[in-house]
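Residue-level listing of the chains:
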Amino acid sequence: MIRYIIRRLFLLIPILIGTVVIVFTINFFSDISPARLVLGPTATEEQVEAKEDEWGLNDPYLVQLGRYFWRIVSQGSLGTSYIYNQPVLKMIMDRLPNTLIIGLLAATLSVMIGIPLGILAAIKQNTALDYIATFLAILCGAIPPFVLCILMQLVLAVRLHWLPVSGIRSWLGYIMPIIACGVMPVAMTCRMTRSSMLETIRQDYIRTARAKGLKEGTVIWKHALKNALIPIITVVGMTYAMSLCGSIISEAIFNIPGLGNLMNSSISQKDYITNLGCVLVAAFIMSFVTLITDLIYAAVDPRIKAQYAATGKRARTYKRKEAAV
Amino acid sequence: MELLQIKDLRIQFNTDTGIVHAVNGVDLSLQEGECLGLVGETGAGKTTTALGILDLIQTPPGKIVSGEILYKGRNIREMKPHEIRDLRGNEISMIFQDPMSALNPVIPVGHQIAEVIRLHQKCSKNEADRQMLAMLEKVRIPAERADEYPHQFSGGMKQRVVIAIALACNPKLLIADEPTTALDVTIQAQVLKMIRELQQEIHTSMLLITHDLGIVAQTCEKVAIMYAGEIVESGTAEDIFDRTAHPYTKGLFASIPSIDRKMRRLTPIEGLMPDPTDLPAGCSFGPRCPYVSDLCREHKPELQEIGAGHFCRCHFPSQKRSPEKEGQ
């Protein structure tokens, strides 16, 4: 198992390198110079040229890419923002907590509502309760987040004055962004839980559990849920991964200094180096959460755990064979 | 007194294509310590009857429409849910057809056995574990494998675990629903022998559901033949095997190979079982019966006693042997 984790952590390296190469390449071929944007329209061509030289933007593709990686490995630095003249890593670290708080709470909220709602809908299949839950789930999934954000601002903030329109000066400011980020995952989690649960409670081993004389609650919680969890974990894992990377739309609408907002502004301001840093951090969070999701699979299902262990064993036997040759 | 008596049990399933009449007035009775074989082809309603006894019919779509299921004289259909739960796994337990899917894949097998012991004997975890290990030994699974999961066991071993779960609380009645169908022929005999031995060891009555008359011959004292949700013939094993009366039972015998009869081909029963959503008005075996008459097509035969304890649902029950047998 530990071997599996280590192997997966090593796999992170090519994933992150690949992400950087792709985003760097796209930025490289963009023809708008950040130097022109920083110096303004009055700057002369020479001044722009000099600034670009200072940032190393006129070097060949491979030199720039190599320099970026070298800086990460040797100094642990993601470079300095063209626009704000601050270390990119520091800018990200300043904003990341806001994104993480909102993302974590939104994803957790969706799990806490979605899973029980889905279970309830499944065990009360084809009753009013099931229809209401399914309807709510479809409704939640059908509203585009930007519409929801603006509607909430109009009703909860402008009309009723319950919550601040934007910003996070107090904890009240977090409420609307959390709801905005959590609504879509609630719908997904609820529907996945319902269908997975429905499939599980039709299985033979559930009948075996009932034939043992167990109470219906024990049958559902102990025998059905654990089996139904695998597809649910996939959805929940994705929810966490996506929420923790920040939402560009809701962070922009609610004016939250987070990762999504930084990514958004770095694109519009051609602050390529900041953009690259944001994408790198987001990719790291994404891969890390995926790894944790995979580990939870193994904890829930002994068959998957056996698979992980088996691949490790197979790899070792191959190596031994190679050594023998 | 009868341990189990089923009177006029009717079970239906409401589906999109119509009402499926799965069990249509089944009468069965089982004495203490007895072994009754319930025989019939796929879809005859054997498993549905068995699930009905434990009130495990999925409702909806299924529903027990009418009838009585008397266990020790008490009607299970009138019991409260908690009373039925006390019976399940404790006094009446069931071995399921497919061991591959009957065990929970994410719970260690030992725990699945200990669970039912703890539930019904209200004992401590240690005591339940001790009994569980003893039970594993009984079904010849090494105790150290108790912590393993079903996917680490072979089919035959899984079925032995299922047997261990069923017998863990020394039930009074064991319902074995085609316990060997999903297994290799080589393991079938072994599993069957084990069930039989354990059944005698703890003096359990058994309802053995199967489509294999060979197994019935080895195991059961009494036999009931089921067709299209009805009992068509029932009696002692001798009645059924030596004094076969119903044409369907004869057909079943004609379709089994026999060592002492020399024949090129087996004689199958022509045709298929009637559509359970649209059963014929007369005898349900009529459409496939070689001796069918107008009376059979119009009037449904009743189950009538043709010998002491030997019942047959046919207008023309014959005590004679089947034509093939007569030829010998």
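For the structure itself, consult the block above.
Reference entry: report on the structure contained in this document. (Residues numbered from 1 in each chain as written. Chains lettered and ligands numbered in written order. Predicted model: local features only at pLDDT ≥ 70, side-chain atom pairs only at ≥ 80, totals over all residues. Heavy atoms only, no water.)

### Focus on the sheet that holds strand β1 (residues 2-15) of chain B
Going by this rule: For two strands to count as paired, DSSP must find a minimum of two bridges between them. We count a stretch as a helix when DSSP gives it H or I for four or more residues in a row; a strand needs E for two or more, and each element gets its number in order from the N terminus.
Ordered in space as β2-β1-β4-β5 (chain B), the 4 strands form an open sheet in which the pairing is antiparallel. The sheet is open, and its two edges are formed by β2 (18-31) and β5 (74-75) of chain B, each paired on a single side.

### Let's talk about the environment of P274(B)
All names here are of chain B. Rules: Type-normalised accessible area, obtained with a 1.4 Å probe on protein chains alone, sets the label of each residue: buried when under 20%, exposed when over 50%, and partly exposed for intermediate values. Residue contacts are counted whenever heavy atoms from the two residues lie within 4.5 Å of one another.
Considering the arrangement of structural elements, one finds P274 in the loop between α10 (247-254) and α11 (294-298). Under the relative-accessibility criterion, P274 is labelled buried at 15%. Taking the C-alpha atoms as reference points, P274 and P287, separated by 13 residues in sequence, lie 8.1 Å from one another. Sequence-distant contacts of P274, that is, excluding residues within four places in its chain, are made with Y227, A228, L279, P280 and S284.

### Some words on the pattern of salt bridges
How we decide: Whenever a carboxyl oxygen of Asp or Glu lies within 4 Å of a side-chain nitrogen of Lys or Arg, that contact is scored as a salt bridge.
As enumerated under the stated definition, the model contains 27 salt bridges over all chains in all. For E45(A), the salt bridge goes to R36(A), with nearest N and O atoms at 3.3 Å. Owing to a relative accessible area of 29%, R36(A) belongs among the partly exposed residues under this scheme. For K90(A), the salt bridge goes to D94(A), with nearest N and O atoms at 3.2 Å. With K90(A) and D94(A) both in helix α5 (residues 88-123) and 4 residues apart, this pair spans about one turn of that helix. One network of salt bridges, in which partners are shared, links K212(A), K222(A) and E115(B).

### Focus on the packing of α5(A) against helix α12 (residues 259-268) of chain A
Residues and elements named next belong to chain A. Using the following cut-off: To obtain each axis, a line is fitted to C-alpha atoms, and for helices this fit is confined to the stretch in contact; angles are then taken between N-to-C directions over 0 to 180 degrees. Each angle receives one of four descriptions, namely roughly parallel if under 35 degrees, roughly antiparallel if over 145, roughly perpendicular if within 65 to 115, and oblique otherwise. Gly is put with the polar residues, along with every residue not named as nonpolar or charged; the nonpolar set is Ala, Val, Leu, Ile, Met, Phe, Trp, Tyr, Cys and Pro, and the charged set is Asp, Glu, Lys and Arg.
One can describe the packing of α5 onto α12 by two numbers: an axis separation of 7 Å at closest approach and a directional angle of 130°. Between α5 and α12, the angle is such that the two are oblique. Residues M91, I92, R95, L96 and T99 of α5 lie in contact with α12, whose contacting residues are L259, G260 and L262. Each residue belonging to the contact of α5 with α12 can be placed in one class, and the counts come to 5 nonpolar, 2 polar and 1 charged.

### Here we look at the pairing of strand β9 (residues 222-227) of chain B
Residues and elements named next belong to chain B. Counting buried positions along β9 gives 6 out of 6 residues, so the element sits mostly inside the fold. Burial of β9 is two-sided: the residues K222, A224 and M226 facing one way and the residues V223, I225 and Y227 facing the other way are all buried. Here strand β3 (residues 35-39) pairs with β9 via 4 bridges, running parallel. Along β9, the bridge assignment pairs L36 with K222. Two elements, β9 and strand β10 (residues 230-236), share 6 bridges in a ladder whose sense is antiparallel. Paired with A224 across the bridge in β10 is S234.

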